[in-house]
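Letter by letter, the chains look like this.
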Amino acid sequence: MAWLLVVVAGLLETGFAVCLKLSHGFTRLLPTIAFASFALASFGLLTLALRKLDVGPAYAVWTGLGAAGTAVYGMVFLGDVVSTLKIVSITLVIAGIIGLQLSGGAH
């Protein structure tokens, strides 16, 4: 259950990163409110998960999912440049997350 919280928190991190961009420096109200909501929910779920998990792997999964999700969202929906190197790098981030899980450090 704790790992599910980390995964959802990582997806919410994608949401707050995207909303941060859409807020244009906190000058647009709805994206700013969405940013704050996603951020609070993401940090809250991560905090709950850290009651049961080691901080290193949990934080790595949280940030990795957030970074990969944000990069993919940007390429698909925000017109960010798509390149082979970006796609390979995102794949490596995801492989690293899986590697952490398989390394035996997970509870």
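Residues numbered from 1 in each chain as written. Predicted model: local features only at pLDDT ≥ 70, side-chain atom pairs only at ≥ 80, totals over all residues. Heavy atoms only, no water.

Per an unreviewed UniProt entry, the chain carries the name Multidrug efflux SMR transporter and comes from Streptomyces bugieae. According to its UniProt record, the chain has this under Sequence similarities (unreviewed entry): "Belongs to the drug/metabolite transporter (DMT) superfamily. Small multidrug resistance (SMR) (TC 2.A.7.1) family." (UniProt positions renumbered as here; feature names shortened; annotations may be inferred.)

Caption draft 1: Summary view of the side chain of Thr-32. By the secondary structure assignment, Thr-32 is in helix 2 (residues 29-49). In this structure the side chain of Thr-32 is engaged in a polar contact, spanning 2.6 Å, whose partner is the backbone oxygen of Arg-28. Dropping the residues within four chain positions of it, Thr-32 is found in contact with Ser-23, Phe-26 and Thr-27. (Helix = DSSP H or I, 4+ residues; strand = E, 2+ residues; numbered from the N terminus. Polar contact = N/O pair within 3.5 Å; in protein donor to acceptor, adjacent residues only side chain to side chain. Contact = heavy atoms within 4.5 Å.)

Caption draft 2: Spotlight on the UniProt feature "transmembrane region" (unreviewed entry) in the chain. The UniProt record annotates "transmembrane region" (unreviewed entry) at residues 33-50, 57-78 and 84-102. The distance from the first to the last C-alpha atom of residues 33-50 is 26 Å, and the span holds 94% helix and 0% strand. Within residues 57-78, the helical portion is 95% and the strand portion 0%, while the C-alpha atoms at the span's ends are 30 Å from each other.

Caption draft 3: Just the nonpolar core, in detail. The biggest cluster of nonpolar side chains holds 18 residues, and the ones touching the most others in it are Trp-3, Val-6, Ala-49, Leu-53 and Trp-62. Considering every element that reaches this core, the biggest residue donor is helix 1 (residues 2-22), with eight residues. Excluding anything up to four places from it in sequence, Leu-53 contacts Ala-2, Trp-3, Val-6 and Ala-58. (Core = buried A, V, L, I, M, F, W, Y, C linked by side-chain atoms within 4.5 Å. Buried < 20%, exposed > 50% of the residue type's maximum accessible area, 1.4 Å probe, protein only.)

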